[in-house]
Amino acid sequence: TLPLEHGAHRIGNRTDADMTRWRSQRLGQFIHWGLYAIPGGEWKGKTYNGAAEWIRSWKEMPQQEYDNLYKQFNPVNYRPEEWAQQASDMGAKYMIITTKHHDGFCLWPSKYSKYTVAASPWKKDIIGPMVDAYNKKGIDVYLYFSIIDWNQPDWRAALKTPADAAAYQRFKVFVKNQLTELLQRYPTVKGFWFDGTWDDSWKNDGAFSDELEQYLQRLHPGLIIGSRLRADEKGARHFDSNSRLMGDYEQGWERKLPEKSADVHGNDWEGVMTIPENQWGYNAKWTGHIKSSNELIEMLVKSASLGGNFVINFGPKSDGTFRTEEVQRMQEIGHWMKINSSAIDGGTDAGFAKQDWGYYIRKSGTDSVYMVVCNVPVSGNLRVKLPAQTTLANVTSLEKNIISGTPELIGKNEYFIHLDHKSQDAPFVILLQTSKENRDNSSFEKAKT
Ligand SMILES: Cc1ccc([C@@H]2N[C@@H](C)[C@@H](O)[C@H]2O)cc1
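Residues numbered from 1 in each chain as written. Predicted model: local features only at pLDDT ≥ 70, side-chain atom pairs only at ≥ 80, totals over all residues. Heavy atoms only, no water.

Q: Got a minute to help me understand the sheet that holds strand β10 (residues 308-314) in this structure?
A: In a beta sheet, neighbouring strands pair by backbone hydrogen bonds and run either parallel or antiparallel. The eight strands lie next to each other as β7-β6-β5-β4-β1-β10-β9-β8, forming an open sheet whose pairing is parallel. The open sheet has two edge strands with one neighbour each: β7 (224-225) and β8 (250-254). Alignment of strand β1 (residues 27-31) against strand β4 (residues 94-100), held across four bridges, turns out to be parallel. Within β4, the position partnered with glycine 28 by the bridge is tyrosine 94. Packed onto the sheet, helix α8 (residues 293-305) meets β1, β9 (269-273) and β10 and runs at close to 155° relative to β10. (Pairing = 2+ DSSP bridges. Helix = DSSP H or I, 4+ residues; strand = E, 2+ residues; numbered from the N terminus. Contact = heavy atoms within 4.5 Å. Axes fitted to C-alpha atoms, helices over the stretch in contact; angles between N-to-C directions.)

In structure tokens form, the structure reads like this:
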């Protein structure tokens, strides 16, 4: 391995209480809210077909006009308690809020920038009431922070001249000041979710990102920061030049998920997902495939089964309300979680052989393994192949009328669980109590000879 000064400083996952809590909170809510919600993907009758929060980069959007949108930011229907209640009803255990996206507009009255809510008709801090409302509902809050800041004159994508270097030096001080300010104003937050760290200026300054991460940890012990913040001294991101994960979890799963355990190498990881194909901020006209609640539930289940967190994104309107489709998803997912959250909370990779009918999730630290069935086989038989030296002690479903009879032993450590032929309209859960193999056989009948 290469001697690295600014590579990974830890091998393996964090085992402290904050990270153990993060690992148990498998479902999160992402919120992208800012000036981009005002145009909502449209400008002067034209539709922007990129991601709504990137409309400032659209050739049809005069940047000065975008930058002046702060004069219209006045979310008269913003009710953070209602936001928190609906997130709680969805079963979200943590929430990530954009404090500042790439456009540089701050949803808190930062003393290091003029481009904040304080300059808008709304005037008041948006972030504080949101953190308080969510925390009051027992939901942890993480702060999304974009390093890229199109509003800051000292921001540079690349350093070409000594003047660039001097400007960027000032910019790094500004970044450190804003992050310090956020931790001082909102001490209950559990971590930062960094974005906008792909440009050369950042990639070629691994020392700064390393020192910044260590500074923030000292300021706020236990802080959780994903792999997107850091670069090592050779410009490697997420994984250092020795292929070791930097940060506290792999943060590269954006609008995509790992397929199998081998894809995550035993690291903690988190997937973040949009409901439409690719819109994070509010876009008036959703086009393309809009994910159903069942699709999102299956992604959540798949994530938990692979030992990762799953965060669903919402883009509130400029007035502070949520669009119907998003309210619907929160309610439908919440209804499913009310019945099945025991399979999700504290869930992790069970290490069982994957079957076509769906996913296994082990309740961390127990012998309880949940089967979440997403594809009912026409045979009505759910094949279960237990790991060696494991026997089935008990099989129950979380809802009634799912299983018919007792499991049938069809081979060494292999069973069929017979389903009641009631049709299902959502993934359903079966709980397997397993135990280590001992002399006598499992409590189910022996294979029919
Ligand atoms: C190419 C690209 C740049 C930035 C993004 C941002 N990351 C997401 C979490 C959103 O904030 C999106 O604007 C997505 C794709």
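Now, onward.
Q: Help me out: how do you make sense of the site of the ligand in this one?
A: Near the ligand the following residues occur: His32, Glu53, Trp54, His101, His102, Tyr144, Trp193, Asp195, Trp198, Glu254 and Trp280. At 2.7 Å from an oxygen atom of the ligand is found a side-chain nitrogen or oxygen belonging to glutamate 53. Protein contact buries 74% of the 380 Å² of open area that the ligand shows by itself. Looking at the shell around the ligand, its residues break down into five nonpolar, three polar and three charged. (Near = heavy atom within 4 Å. Polar contact = N/O pair within 3.5 Å; in protein donor to acceptor, adjacent residues only side chain to side chain. Areas by Shrake-Rupley, 256 points an atom, 1.4 Å probe, with all protein chains shown as cover. Nonpolar A, V, L, I, M, F, W, Y, C, P; charged D, E, K, R; others polar.)

Q: Mind showing me how you'd approach the packing of α8 against helix α9 (residues 324-340) here?
A: For any two helices packed against each other, one specifies the inter-axial angle together with the distance between the axes. Remark: α8 packs on α9, axes separated minimally by 9 Å, with the N-to-C direction vectors making an angle of 55°. Between α8 and α9, the interaxial angle falls into the category oblique. Where α8 crosses over α9, the handedness of that crossing is right-handed. Here α8 contributes Ser293, Leu296, Ile297, Leu300 and Val301 to the contact with α9, which in turn contributes Gln328, Arg329, Glu332, Ile333, Trp336 and Met337. In terms of residue class, the contact of α8 with α9 is made up of seven nonpolar, two polar and two charged. (Parallel < 35°, antiparallel > 145°, perpendicular 65-115°, else oblique. Left-handed = near helix turned anticlockwise from the far one by under 90°.)

Q: So what exactly am I meant to see when it comes to the nonpolar core here?
A: Generally speaking, a soluble globular protein has its nonpolar side chains buried in company with each other. One finds Trp33, Tyr134, Phe192 and Leu216 to be the most contacted residues of the largest nonpolar core, which totals 92 residues. Setting aside anything within four residues of it in sequence, one finds phenylalanine 192 in contact with Tyr142, Leu143, Leu179, Leu182, Leu183, Leu216, Leu223, Ile224, Ile225 and Gly226. Formed by 19 residues, the second largest nonpolar core is a distinct cluster that contains Val369, Val395, Tyr415 and Leu419. (Core = buried A, V, L, I, M, F, W, Y, C linked by side-chain atoms within 4.5 Å. Buried < 20%, exposed > 50% of the residue type's maximum accessible area, 1.4 Å probe, protein only.)

Q: How do you make sense of the environment of tryptophan 150 when you look at a structure like this?
A: Checked against the element boundaries, tryptophan 150 lands in the loop between β5 (140-146) and α5 (162-185). The class of tryptophan 150 is partly exposed, set by a relative accessible area of 22%. Spatially, the C-alpha atom of tryptophan 150 lies 9.9 Å from that of serine 57, the residues being 93 residues apart in sequence. If we ignore the near neighbours within four places in the chain, the residues touching tryptophan 150 are Trp54, Arg56, His102 and Asp103.

Q: I keep staring at the side chain of glutamate 213 and nothing clicks. Help me out?
A: For glutamate 213, the position within the fold is in helix α7 (residues 206-219). Of the residues examined, glutamate 213 reaches a relative accessible area of 10% and is grouped as buried. In contact with glutamate 213, other than residues within four places in its own chain, are Ile225, Leu229, Arg230 and Gly247.

Q: What's the story with the packing of aromatic side chains in this structure? I'm lost.
A: The relative placement of two aromatic rings is captured by the distance of their centres and the angle of their planes. Summed over all chains, the structure comprises 28 aromatic pairs. Aromatic pair tryptophan 202 and phenylalanine 208: ring centres 5.6 Å apart, planes at 90°, arrangement edge-to-face. Per residue, the accessibility class of tryptophan 202 equals that of phenylalanine 208, and both read buried. Here the aromatic residues Trp33, Tyr70, Phe73, Tyr78, Trp83, Phe105, Tyr115, Trp122 and Phe322 are joined through ring pairs into a cluster of three or more. If you follow lysine 124 out to its NZ or CZ, it ends over the ring of tryptophan 122, 3.7 Å from the centre. Arginine 323 extends its terminal NZ or CZ atom over the ring of tryptophan 286, reaching a point 3.8 Å from the ring centre. (Phe/Tyr/Trp six-rings, centres within 6.5 Å; stacked < 30°, edge-to-face > 60°. Lys NZ or Arg CZ within 6 Å of the ring centre and 35° of its normal.)

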